[in-house]
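Architecture and fold: a report
Listed below are the residues making up each chain.
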Amino acid sequence: MSIQIEDSWKEVLGSEFEQPYMQQLRFFLKEEQKQHTVFPPNKLIFNAFNNTPFHKVKVVILGQDPYHNIGQAHGLSFSVPAGIEIPPSLRNMYKELSTDIDGFNIPAHGDLTAWAYQGVLLLNATLTVRAHMAGSHQNKGWELFTDKAISALSAGREGLVFMLWGRYAKNKTALIDHRKHLILTAAHPSPLSAYNGFFGSRHFSKANDYIISQAKSPIIWQL
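As a starting point, this report considers the structure included with it. What you are looking at is a predicted structure, and each value in this text was computed from that prediction instead of being measured. Think of each chain on its own: its residues are numbered from 1, step by step along the sequence as written. Whole-chain, interface and lining totals are the exception, using all residues; otherwise, since this is a predicted model, local features are given only for residues with pLDDT of at least 70 and side-chain atom pairs are given and counted only at 80 or more. Side-chain measures were taken over the full set of non-hydrogen atoms in the model, leaving aside hydrogen atoms and water.

**Concerning the sheet that holds strand β2 (residues 59-63)**
Pairing between the strands of a sheet comes from backbone hydrogen bonds, and it takes one of two forms, parallel or antiparallel. Strand order across the open sheet formed by 4 strands is β3-β2-β5-β6, with parallel pairing between neighbours. Strand pairing shows two members of the sheet lacking a second neighbour, β3 (120-124) and β6 (182-186), which therefore form its edges. Taking each pair of neighbouring strands and ignoring which way they run, the sheet shows an average axis angle of 20 degrees. When DSSP finds two or more bridges between two strands, those strands count as paired. The numbering of helices and of strands both runs from the N terminus, where a helix is a DSSP run of H or I of at least 4 residues and a strand a run of E of at least 2. In this sheet, β3 lies alongside β2 in parallel orientation, the contact comprising 5 bridges. Bridge pairing links valine 59 to valine 120 in β3. In this description, a line fitted to the C-alpha atoms serves as the axis of each element, helices being fitted only across the stretch in contact, and the angle between N-to-C directions of two axes falls anywhere from 0 to 180 degrees.

Here it is, written out as C-alpha cells:
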C-alpha cells in the first residue's frame, strides 16, 4: 500500500502512518492483495482526503465501507464512477435532494466528485474491502485512522456539518464537539431504513443554511 495523501492531511495525520496499527494494516493489505481482489485500487484508497483538503472541509458525510462489486468503489463514500449503476442508497439520497433542494434534478450518474471538490468529505470509516465481501476489512485498523481524521476536524476546525446516517455513523457523535459544529443524524438512506427518518430529514438544505450562517459559500448539490 503506497501512501499518497494530500499535504494538509499528511500534516494532520502523518504520525498515524508510523503507529503499530497502521504497520499491521499495511501488512494485512499486502497479504490480502496477494490472494484476493481488493477495492478500491491503491491509488484511490485516500481519494476522499486527496479531493478535499483538511482546511477546505465544510461537510462530512460518513459511510461505513466501500462498495464491494467491480468498478464501484473509488474512495468516496456513497459515490460510484460515472457509467456504473447508481446504488440504492445513493438513489435515495438523490430522492431526498429532489424534495429538499429547489430545482434539484436527479442525475443520470453516481459520481459525487463535484461535491468533494466543494468541501464535502465523503469519508468511509473503512477504506478498503475484499471483492464481493461486504465488511471484510472492518476492525483491521482503518477505523482507528478515520476516527483520528474525524477527531482532528472536530478539534482543528470550526463550523463544520457532520451528516451521520444510521446507527454505525451516529456512534461517531462522541468524536465531535457539538458546541463547535452542527451534527445532523438520521436513519441510513438504504432502502431498508430510508423511510424511518432519512426521507424528510432535509439535511442538505440544513447544511447549507448553517454553512451560510458561517459566512461561507453553500454547497451546490446539483451534479
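Next comes the rest of the description.
**What to know about the environment of glycine 135**
In this structure, glycine 135 sits in the loop between β4 (129-130) and α6 (142-156). For every residue, the accessible area (1.4 Å probe, protein chains only) is compared with the maximum for its type, and the residue is labelled buried under 20%, exposed over 50%, or partly exposed between those bounds. A relative accessible area of 24% means that glycine 135 is categorised as partly exposed. Separated by 68 residues in sequence, glycine 135 and tyrosine 67 have C-alpha atoms that sit 9.5 Å apart. The contact criterion used is simple: two residues touch if any of their non-hydrogen atoms lie within 4.5 Å. If near-sequence neighbours (up to four positions away) are discounted, glycine 135 is found in contact with Asp65 and Val129.

**Structural notes on the pairing of strand β5 (residues 161-165)**
Of all the 5 residues making up β5, 5 are buried; the element is thus mostly covered by neighbouring parts of the structure. Because side chains alternate across β5, one face comprises the buried residues Val161, Met163 and Trp165, and the other comprises Phe162 and Leu164, equally buried. Note: β2 against β5, 3 bridges, orientation parallel. Bridge pairing in β5 links valine 59 to valine 161. Looking at chain direction, β5 and β6 are connected through 5 bridges and run parallel. For methionine 163, the partnering residue across the bridge sits in β6 and is leucine 184.

**As for the nonpolar core**
As used here, the term nonpolar core means buried Ala, Val, Leu, Ile, Met, Phe, Trp, Tyr and Cys residues forming a set that is joined through side-chain atoms within 4.5 Å. Membership of the largest hydrophobic core comes to 63 residues, with the highest contact counts inside it found for Trp9, Phe49, Trp115, Phe145, Met163 and Trp221. Considering each element in turn, this core owes the most residues, 6 residues, to α6. When sequence neighbours within four positions are dropped, the list of residues in contact with phenylalanine 145 reads Ile5, Leu13, Glu16, Phe17, Tyr21, Met22, Phe46, Phe49 and Leu127.

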